[in-house]
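Coordinate inspection notes
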Amino acid sequence: MSLDASRALGATAADELPKPLPGRDTVIQYGMALLTLVLIAAPLLPVLYQSFLDRALYDSGQQLTLANFGRLLRTDGFALVIWNTFVFATLTTVISQALGTLAAVLFGRTDMPFARLFGELFLWPIYLSALVLSFGWYTIYGPAGYLTLLVQSIFDGAPWNLYSLPGMAMIAGVSQAPVAYIYCMSSASITDPTLEEAARVAGAGTLRTLWRITLPLLMPAIAYSAVLNFTVGLELLAIPLVFGDPAGITVLTTFLYNNGVASARPDHGLVATAAVVMLAVVCVLVWLQGRLLGNTRRFVTLGGKATRPRPFRLNNLRWPLCILSAIYIVATVVMPIGALLLRAFTSLLSPMVPISEVLTLGNFANMLEYPVYPRSIWNSLVVSSVGGVIATAMVALIAIIVLRSDFRWRGPLHYIALFPRAVPGVVAGIGFFYAFALVPGLGGVRNTIWILVAAFTMHFIPVGLGAIAPMLLQMSPDFDRAARTQGADWWTTSRHIVLPLLRPALVACFIILFITFFKEYTTAIFLFAPGSEVIGTTLLQAWTQGEVGLVSALATVQILVIGVCVTAARAFLGVKLYG
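Residues numbered from 1 in each chain as written. Predicted model: local features only at pLDDT ≥ 70, side-chain atom pairs only at ≥ 80, totals over all residues. Heavy atoms only, no water.

**Notes on the overall build of the chain**
The number of helices and strands found in the chain is 28 helices and zero strands. Relative to the 2.2 N^0.38 estimate, which gives 25 Å for 579 residues, the radius of gyration of the chain is 25 Å and therefore close to what a compact globule would have. Each principal axis of the C-alpha atoms in the chain carries an extent, and together these give about 80 × 75 × 50 Å. Burial analysis of the chain (579 residues in total) assigns 52% to the buried set. In the chain, of all internal contacts separated by at least 6 residues, the share reaching a separation of at least 24 is 79%. For the chain, the separation between the mean place of its 34 positive charges and that of its 25 negative charges on side chains is 9 Å. (Helix = DSSP H or I, 4+ residues; strand = E, 2+ residues; numbered from the N terminus. Rg over C-alpha atoms; globule rule 2.2 N^0.38 Å. Buried < 20%, exposed > 50% of the residue type's maximum accessible area, 1.4 Å probe, protein only. Contact = heavy atoms within 4.5 Å. Lys, Arg positive; Asp, Glu negative; His and termini not counted. Charge placed at Lys NZ, Arg CZ, Asp CG, Glu CD.)

**A few points about the domain arrangement of the chain**
Considered domain by domain, the chain is made up of domain 1 (23-55 + 362-578) and domain 2 (77-302). Relative placement of domain 1 and domain 2: their C-alpha centres are 24 Å apart. With both sides pooled, the region where domain 1 packs onto domain 2 buries about 3,100 Å², and carbon together with sulfur makes up 77% of that total. At the junction of domain 1 with domain 2, the criterion picks out zero salt bridges. Between domain 1 and domain 2 we count four residue pairs in polar contact (both at pLDDT 80 or more) in total. Broken down by secondary-structure element, the contributors of at least two residues to the side of domain 1 that touches domain 2 are helix 2 (24-51), helix 20 (425-438), helix 26 (503-519), helix 27 (535-544) and helix 28 (548-571). (Domains from an automatic or database assignment. Buried area = accessible area lost by both parts, 1.4 Å probe. Salt bridge = Lys/Arg side-chain N within 4 Å of Asp/Glu carboxyl O. Polar contact = N/O pair within 3.5 Å; in protein donor to acceptor, adjacent residues only side chain to side chain.)

**Side note on the side chain of T523**
Residue placement: T523 occurs in the loop between helix 26 and helix 27. Residue classification places T523 among the buried positions, given a relative accessible area of 0%. For T523, the side chain forms a polar contact with the main-chain oxygen of G425, separated by 3.4 Å. Aside from chain neighbours lying at most four places away, what touches T523 is G425, A428, G429, A455, F456 and H459.

**Quick word on the UniProt feature "domain: ABC transmembrane type-1" (unreviewed entry) in the chain**
UniProt records the feature "domain: ABC transmembrane type-1" (unreviewed entry) for residues 82-289 and 377-569 in the present numbering. Taken end to end, residues 377-569 is 77% helix and 0% strand, and its first and last C-alpha atoms sit 21 Å apart. (UniProt positions renumbered as here; feature names shortened; annotations may be inferred.)

**Side note on the confidence of the model for the chain**
Taken residue by residue, the chain gives an average pLDDT of 84. The fraction at 70 or more is 91%. Mean pLDDT across the elements of the chain ranges from a minimum in helix 1 (residues 3-15), with 50, to a maximum in helix 18 (residues 372-403), with 94. (pLDDT = per-residue confidence, 0-100.)

**Regarding helix 5 (residues 115-122)**
Turning to helix 5, its buried residues are A115, F118, G119 and F122. Buried residues of helix 5, viewed axially, fall in a sector of 105°; they line one side. (Arc of directions from axis to C-beta.)

**A word on unusual backbone geometry**
With a phi angle near 60°, F114 is a residue other than glycine that sits in the positive phi range. The topology assignment puts F114 in the loop between helix 4 (78-109) and helix 5. In this structure F114 comes out as exposed when scored by relative accessible area, which is 51%. Its identity as a non-glycine residue notwithstanding, N315 has a phi of 55°, on the positive side. Here N315 shows up in the loop between helix 15 (268-294) and helix 16 (318-344). Its relative accessible area of 55% is what places N315 among the exposed residues.

**Focus on the packing of helix 11 (residues 206-217) against helix 12 (residues 219-235)**
Pairs of packed helices are described in terms of their axes, by the angle between the two and the distance that separates them. Running from N to C, helix 11 and helix 12 point in directions that differ by 50°, and their axes come no closer than 4 Å. It follows that helix 11 is oblique to helix 12 by the angle criterion. Along its contact with helix 11, which presents L215, P216 and L217, the element helix 12 presents M219, P220 and I222. Here the contact of helix 11 with helix 12 is composed, by residue class, of six nonpolar, no polar and no charged. (Axes fitted to C-alpha atoms, helices over the stretch in contact; angles between N-to-C directions. Parallel < 35°, antiparallel > 145°, perpendicular 65-115°, else oblique. Nonpolar A, V, L, I, M, F, W, Y, C, P; charged D, E, K, R; others polar.)

Below, the structure is given as structure tokens:
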């Protein structure tokens, strides 16, 4: 959703409504605006404050200082950390954009067989946690992975090394390629096909038309998704933690993790300062995304004619490209996920041992034997269900205030609600940890799952708005005006007219937030305590203890829950989860 477009439409809708009466409406609107401001500012201000203190903010006798920034710059190896982060994010962006753009053209604009099926399978990495994908890649392509051992038994060594920046970027690129695919597909679907038809009439072949017409028209989508993927590359924690740390490759997120969570004596000044640097860089990138989206009008080719683009004919390349696409899907989606699921049902996964001899349910039995694992599954379900309901209710109210009221501060409220897009998960986690340590009386909540509900809700407000706002913008303000002319106030109109009509969007919002909460781990690793673990944090703990079987079993539970949710949402409810 474009912020300027939605604000303009929202203002238009609100201007056509009768002015609300002061009283209940005012209390609800100001109350929600204040709650949103507090929730989003709560983790950011303590991080900023800590970066200017000479000791932990919960200690007495702190002094304001700029020394943390100097110490950060003088930290041994910090320049290499920045360089690794830049290289990793750049390679991730290049790989994801190349794969996503190529897939959008092949699966969306050509007559290649099974294009629709490949398009569906291509999206699956975006549904799963990067942590689970990392374990899947390790199981099949790691040093002791099934395919690695198989190739080593035939040849003298394997031609890949995941414990390197290019190897890590390959995993991240595959997991983020669906983002570029979604943006390019959306752009291609509204492209005026007469330009391509004109090129064909002028004698241009398929490849020339794609290169000279189609790809240039996709440039806004490619540029926007490239900035988005670069931002995600900066924020990624799981892949550098699983593959980079053992090889001594540190990026900014693992620097924060090692000096914060994994350190026996955390250097809070250093951690907060690094988090502020990361937050500043991501804010600039998010601002750049907005600028790129705002400039896309110069590429607009959508006309008034209702025409449908004609697929490009691949002729003799149809089946060769189909086979290459199938190999890619099998190698990057089916095999990593399949190997992880298979590992959960075996005591060992190796090409040297027949699978039938090592089949077992022992990993699941061990998982149920230790209370921490069932508890983390239960906590994840509670956080996702209850948190999803709370977040959906909050997002719905924010959207109605911003787009269907004449609340004086609805414009600033919209900006504030979208700001968490610029807050990396690790920064949000660190910030909430400081906030609950700083504010008296919140100690009892700090070690419960409710701090996770608050942190996840704050972090994913923009995701929920993306699910609700489009439908709200499509609803005519005549519904509101009819009720208001009968004497109903804003809240009565919203409760009896707008919210019932929004029910499909609210269901979609809840499902999207449920899945997002269920797979989230970056924010939680700074906040969980014994008794408030979720699946992501337990996966990381089991991984560091070398419990590969338990990791596979727990990851299988997460994959199954998300798989059921995604399939049911798309098949029975028609929910469009992305794009």
